[in-house]
Amino acid sequence: MPDLLLTELRKIQKKDGYISEQAIKKLNKKTGIPLSNIYGTATFYAMLHTTPQGKYIIEICNSPSCFLNNSLNIIKYIENKLKIKSGQTSKDKKFSLHIGSCIGCCDKAPAMLLNKKQYTNLTKEKIDFILKKLK
Amino acid sequence: MQIKKQTKGKALAKAKKLGQKATINLIKEKVLLGRGGAGFPTGTKWEMVYNEPEKEKYLICNADEGEPGTFKDKFILEKNPELVIEGIKIAMFAIGAKKAFIYLRGEYEYLENRLKKLIKKANIEIVVGAGAYICGDETAILESIEGKRGQARLKPPFPTVKGLYGKPTAINNVETLANVPLAIYYKDWNPNLRLYSLSGNVTKPGIYELPLGTKLCDLIKLGKPKNKIKAIYFGCFGGCMPHCEKTKLTPDDICGKDCIHGAGTIIAVDEKHSIVDVATNIAKFYEFESCGKCTPCREGTMRILALLENISLKNADMKDLNTLQELAEVIKETSFCGLGQTSTNHLLTALKYFRKEFEERIKEQKDRRRIR
Ligand code: SF4
Ligand code: FES
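Every value quoted in this text rests on a predicted model; they were computed, and no experiment measured them.

(A) Spatial organisation of the overall build of chain B. Helices and strands together make up the secondary structure of chain B, namely 16 helices and nine strands. Compactness check: chain B gives a C-alpha radius of gyration of 22 Å against a globular reference of 21 Å for 372 residues, within 12% of the reference. Dimensions of chain B along its principal axes, counting C-alpha atoms only, are 80 × 40 × 35 Å. Counting only residues that meet the buried cut, chain B has 58% of its 372 residues in that class. A sequence separation of at least 24 residues applies to 69% of the contacts in chain B between residues at least 6 apart. With an accessible surface of roughly 15400 Å², chain B has 52% of that area assigned to carbon and sulfur atoms.

(B) Just the sheet that holds strand β2 (residues 95-100) of chain A, in detail. All names here are of chain A. The strand order β2-β1-β3-β4 describes an open sheet built from four strands, whose pairing is mixed. Unpaired on one side and paired on the other, β2 and β4 (117-119) mark the two borders of the sheet. Strand-to-strand twist in this sheet, taken as the mean axis angle between neighbours without regard to direction, amounts to 25°. Both strand β3 (residues 112-114) and β4 contribute to a ladder of three bridges, which runs antiparallel. Bridging across to β4, L113 finds its partner in Q118.

(C) Focus on the layout of surface pockets. The space that makes up the largest pocket amounts to roughly 1200 Å³. As for the largest pocket, its lining consists of 40 residues, of which G36, G37, A38, G136 and D137 of chain B are closest to the centre. Put simply, the parts of the chain that give the lining of the largest pocket at least two residues each are α3 (42-51), α4 (72-79), β4 (169-173) and α14 (338-342) of chain B. Residues belonging to the lining of the largest pocket are distributed by class as follows: twelve nonpolar, 18 polar and ten charged. For the second largest pocket, the calculated volume is near 380 Å³. Taken together, 15 residues form the lining of the second largest pocket, with N62, L72, I75 and I99 of chain A together with K284 of chain B sitting closest to its centre. Looking at the lining of the second largest pocket, the elements with two or more residues in it are α5 (71-82) and β2 of chain A together with α11 (275-289) of chain B. Residues that form the lining of the second largest pocket fall into these classes: five nonpolar, six polar and four charged.

(D) Summary view of the nonpolar core. In this structure, Y45 of chain A together with Y233, L347 and F358 of chain B are the most contacted members of the largest nonpolar core, which totals 78 residues. Ranked by residue count, the leading element in this core is α11 of chain B, at eight residues. The contacts of Y45 of chain A, once residues within four sequence positions are left out, are L6 of chain A together with Y103, A130, G131, A132, C135, S144, K148, R149 and G150 of chain B.

(E) How the structure looks around the pairing of β4 of chain B. Residues and elements named next belong to chain B. Counting buried positions along β4 yields five of five residues, so the element is predominantly enclosed. Neither face of β4 is left uncovered, since the one carrying T169, I171 and N173 and the one carrying A170 and N172 both have all their residues buried. Alignment of strand β1 (residues 58-63) against β4, held across five bridges, turns out to be parallel. Directly across from Y58, in β4, lies its bridge partner T169.

(F) Up close: the interface of chain B and chain A. With 53 residues of chain B at the interface, the matching set in chain A holds 34 residues. Sorting the residues of chain B by area buried against chain A places A130, R149 and N281 of chain B first, and these three jointly supply 17% of that buried surface. The interface formed by chain B and chain A contains three salt bridges. Here R10 of chain A and E109 of chain B are joined by a salt bridge, their closest N and O atoms 2.7 Å apart. Viewed at the interface, chain A and chain B are joined by 19 residue pairs in polar contact (both at pLDDT 80 or more). Within the residue set of the side of chain B that touches chain A, elements represented by two or more residues are β2 (99-104), β3 (124-128), α7 (138-145), β5 (193-200), β9 (265-270) and α11 of chain B. When residues of the side of chain B that touches chain A are assigned to their parent elements, the largest contribution, seven residues, is made by α11 of chain B.

(G) Geometry of the environment of D252 of chain B. Residues and elements named next belong to chain B. Secondary-structure assignment places D252 in helix α10 (residues 251-255). Taking relative accessible area as the criterion, D252 reaches 67% and is therefore assigned exposed. Taking the C-alpha atoms as reference, D252 lies 18 Å from Y353; in sequence the two are 101 residues apart.

(H) The sheet that holds β2 of chain B, seen in detail. Residue and element names in this part refer to chain B. The four strands are arranged β3-β2-β1-β4 in an open sheet whose pairing can be described as parallel. Both edges of this open sheet fall to β3 and β4, since each of them pairs with a single strand only. Direction aside, the axes of adjacent strands within the sheet are offset by 20° on average. As paired elements, β2 and β3 share five bridges and run parallel to each other.

Procedures and definitions
Residues numbered from 1 in each chain as written. Chains lettered and ligands numbered in written order. Predicted model: local features only at pLDDT ≥ 70, side-chain atom pairs only at ≥ 80, totals over all residues. Heavy atoms only, no water. Helix = DSSP H or I, 4+ residues; strand = E, 2+ residues; numbered from the N terminus. Rg over C-alpha atoms; globule rule 2.2 N^0.38 Å. Buried < 20%, exposed > 50% of the residue type's maximum accessible area, 1.4 Å probe, protein only. Contact = heavy atoms within 4.5 Å. Areas by Shrake-Rupley, 256 points an atom, 1.4 Å probe, with all protein chains shown as cover. Pairing = 2+ DSSP bridges. Axes fitted to C-alpha atoms, helices over the stretch in contact; angles between N-to-C directions. 1 Å grid on protein atoms, 1.4 Å probe; cavity = no way out; pocket = protein on both sides within 12 Å on 5 of 7 lines; lining within 4 Å. Points joined across faces, edges and corners; volume = space filled by probe spheres on them. Nonpolar A, V, L, I, M, F, W, Y, C, P; charged D, E, K, R; others polar. Core = buried A, V, L, I, M, F, W, Y, C linked by side-chain atoms within 4.5 Å. Buried area = accessible area lost by both parts, 1.4 Å probe. Salt bridge = Lys/Arg side-chain N within 4 Å of Asp/Glu carboxyl O. Polar contact = N/O pair within 3.5 Å; in protein donor to acceptor, adjacent residues only side chain to side chain.

Okay, here's the thing in structure tokens:
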């Protein structure tokens, strides 16, 4: 069933950290789904990446509930700390940062996902603490 | 809370005893309306699928809760997932679907394992999304499950006629399906109890279960705001209005103010925040989430954002407010799907109720330039 495409792509994303051209070609051989379709789907979703990502992917929310709770300052703080902007990966390949849409933690704003795990009620101190623990 | 009650499989047993037709009729009698935002009668939707002569039919549980400020489905999936699974099984039985899908948004991936355990041997497959607001749209969900870009389809045909893989499909929201077993099993089930997701400038945000018709200000009081609340946003798509004592939480009352009651999303904005900044923030959201399929929405959301950024940061003119209004109306009228059509509600209502804030910002910027 072609419905597996999204699931397959998520698996690759999880395993390799991104969806490479090679991986797309391999998937095309395996499933027969045209390359253009695979690429089209892979580039459509915010959580699928077609460029190499850092070891830790940060997806931080900037939708209204977070925005009303200081998310912009937290985002700026992370950008300065990691010296990257949204969509970029740090030089040491440790972090990728993506500013995105609501992650459903609006009652604990501001919030982010770090490798899919939720971190909420973010403050600068909390960011320091979270990032320091990561190897 | 009604939504935390359990039925432990007894509602499913009762439905099986009643048979398909009678189960559908019971849901119709109990007036269970869809809780995803549109409020379509669930029993009627099921009946449409049931009546299709096709053998193969599908049920989809829409767990792609993406409207900013909404987290009630997550609450249900965390607190009472058993109820949702039983609701899915009842719906499958009623419409005659051999297979169901749960379309779980990528951000809620952590709920997948628990759900899998509860599904056991039932023919329910979980498809995890990967971050696309548009996939909350029912036809975009179909595309996404089929492995394509999650873009909306032209309607008609409606999914009840030609849905997943071209087969009749019922798509129900999590809160709707959770209420199915309750409606079937409990005589005193209250159809008017809704889950409200309260967030924004309140110190006690969270899920509040309240009857339709509750005064909006009573809900805000429960949230214990620190400062005076001046505006309420009903998510991004629902528009905004001034916070007033009289408004009641009913679709009619809120519609009268050009807003949408939707899925019970309430974002409170206090007087320390500027509506111009909130509007710019929401415009950014739409510019990011527009799927790019049609021109009014793809180009329009970009232009709206540029105009708003110009107003909030640089050198706009009063004329620009009219341009903004016109463009917002065109996008609303001509966009292909619901995302684009509702993408400017927030702006049109903001211009209606808070135009002064926009004018003041433009004046401020002008004065600043003069001093320089
Ligand atoms: S209105 Fe927007 S989201 Fe909908 S089809 Fe057009 S571009 Fe895509
Ligand atoms: S608005 Fe940030 S998590 Fe919902």
